[in-house]
Amino acid sequence: MLTGNNLETKEAGRLSFRAPVANDGPEIHALVERCKPLDVNSRYCYLILCEHFSSTCVVVEENNAVVAFITAYIPPERRDTLFVWQVAVDARLRGRGVAKKMLRHLLSRRNLKSIRHVEATVNPSNDASRSLFQGLANECKSTIHESLIFPADMFGENHEQENLIRVGPITSVSKTLIGR
């Protein structure tokens, strides 16, 4: 069975932060189902993300259960950019800075030292994500830009437009600041 890369685990209180392995896919899928209104992708999608993109994703465990994660990747045409696809935090852990700690964990990884921008798509009503990325921009002393990327009509029924948020540039000094 494939298990992805085994990158270092970091403890922060009782939560541990690490790269995902394929076995985390079903738990990640279940967490997304509990984190409305996140779009639920197939279990296969989460298995592939854990297997092929473990070096750019992070899971948080508590008592051997996945309680938060970020899925992200480096777009092939923008090697200095980390695109954050999904961020999910179990409801009982929200408001405790877990998402911010996951972003810090990712950006402090040696394999991501060339990252200068962080991007994500966010719909207009997602204040939590907007706040997360604005906080990253503030910590990095960089700028944040937002523009329409996918209009609502591209999604079909009951889906807001998605705006592209771009934070950067993130310098080595910025990474030192967020690595605290």
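Residues numbered from 1 in each chain as written. Predicted model: local features only at pLDDT ≥ 70, side-chain atom pairs only at ≥ 80, totals over all residues. Heavy atoms only, no water.

1. Quick notes on the overall build of the protein chain
When its secondary structure is counted, the protein chain shows five helices and eight strands. Secondary structure elements of the protein chain occur, N-terminal to C-terminal, as β-β-α-α-β-β-β-α-β-α-β-β-α. A buried classification covers 47% of the 180 residues belonging to the protein chain. Long-range pairs, those at least 24 residues apart, make up 62% of the contacts in the protein chain with a sequence separation of at least 6. For the protein chain, the exposed surface amounts to about 9,600 Å²; the carbon and sulfur share of it is 53%. (Helix = DSSP H or I, 4+ residues; strand = E, 2+ residues; numbered from the N terminus. Buried < 20%, exposed > 50% of the residue type's maximum accessible area, 1.4 Å probe, protein only. Contact = heavy atoms within 4.5 Å. Areas by Shrake-Rupley, 256 points an atom, 1.4 Å probe, with all protein chains shown as cover.)

2. Digging into the side chain of Arg18
One can find Arg18 in strand β2 (residues 15–18). A relative accessible area of 11% places Arg18 in the buried class. At 2.8 Å, the side chain of Arg18 forms a polar contact with the side chain of Asp24. (Polar contact = N/O pair within 3.5 Å; in protein donor to acceptor, adjacent residues only side chain to side chain.)

3. A short note on the packing of aromatic side chains
On inspection of all chains with the given rule, the structure shows four aromatic pairs. With centroids separated by 6.3 Å and ring planes inclined at 75 degrees, the aromatic side chains of Tyr46 and Phe69 adopt a geometry described as edge-to-face. Here the residue Tyr46 occupies a position in helix α2 (residues 43–52), and Phe69 occupies one in strand β4 (residues 65–73), the gap between them amounting to 23 residues. Each of the two residues, Tyr46 as well as Phe69, counts as buried. (Phe/Tyr/Trp six-rings, centres within 6.5 Å; stacked < 30°, edge-to-face > 60°.)

4. Considering the pattern of salt bridges
A full pass over the atoms with the stated rule returns eleven salt bridges. Ionic pairing is found between Arg92 and Glu62, a salt bridge with its closest N-O pair at 2.4 Å. In this pair, Arg92 is assigned in the loop between β5 (81–89) and α3 (98–107) and Glu62 in strand β3 (residues 58–62), connecting sequence segments 30 residues apart. A relative accessible area of 45% means that Arg92 is categorised as partly exposed. Note that Arg130 is salt-bridged to Glu146, the shortest N-O span being 2.4 Å. (Salt bridge = Lys/Arg side-chain N within 4 Å of Asp/Glu carboxyl O.)

5. Things to note about the packing of helix α1 (residues 25–34) against α2
Put simply, α1 and α2 touch, their axes get as near as 8 Å, and they point 125 degrees apart. If you check the angle between α1 and α2, you find them oblique. Like other packed secondary-structure pairs, α1 and α2 cross with a definite hand, here right-handed. Every residue of α2 that contacts α1 at Gly25, Pro26, Ile28, His29 and Val32 is listed here: Arg43, Tyr46, Leu47 and Cys50. By residue class, the composition of the contact of α1 with α2 is six nonpolar, two polar and one charged. (Axes fitted to C-alpha atoms, helices over the stretch in contact; angles between N-to-C directions. Parallel < 35°, antiparallel > 145°, perpendicular 65-115°, else oblique. Left-handed = near helix turned anticlockwise from the far one by under 90°. Nonpolar A, V, L, I, M, F, W, Y, C, P; charged D, E, K, R; others polar.)

6. Regarding helix α4 (residues 127–140)
When the terminal C-alpha atoms of α4 are compared, their 20 Å separation across 14 residues agrees well with the 20 Å that a helix rising 1.5 Å per residue should span. For α4, every residue scored as buried is listed here: Ser129, Arg130, Leu132, Phe133, Gly135, Leu136, Ala137, Glu139 and Cys140. (Expected span 1.5 Å × (residues − 1).)

7. Let's talk about the nonpolar core
Val60, Ile70, Val84, Val98, Met102 and Phe133 are the most contacted members of the largest nonpolar core, which has 33 residues in total. Broken down by secondary-structure element, the contributors of at least two residues to this core are β2, β3, β4, β5, α3, β6 (117–122), α4 and β8 (162–168). At six residues, the largest contribution of residues to this core is made by α3. In this structure, Ile28, Leu31, Tyr46 and Val66 belong to the second largest nonpolar core, which totals twelve residues. (Core = buried A, V, L, I, M, F, W, Y, C linked by side-chain atoms within 4.5 Å.)

8. Some points on a nonpolar patch on the surface
A surface patch of nonpolar side chains, about 350 Å² in accessible area, is lined by Ile149, Phe150, Met154 and Phe155. Take Phe150: it is sitting in strand β7 (residues 143–150). (Patch = residues over 30% accessible without salt bridge, like charges linked within 9 Å, V, L, I, M, F, W, Y side chains within 5 Å.)

9. Remarks on the packing of α3 against α4
In helix packing, the relevant descriptors are the interaxial angle and the interaxial distance, both defined with respect to the helix axes. Close contact between α3 and α4 brings their axes to 10 Å; oriented N to C, the two are set at 50 degrees. Taken as axis vectors, α3 and α4 run oblique relative to one another. Considering the relative orientation of α3 and α4, their crossing is right-handed. Here Ala99, Lys100, Leu103, Arg104 and Leu107 of α3 come into contact with α4, specifically with Leu132, Phe133, Leu136 and Glu139.

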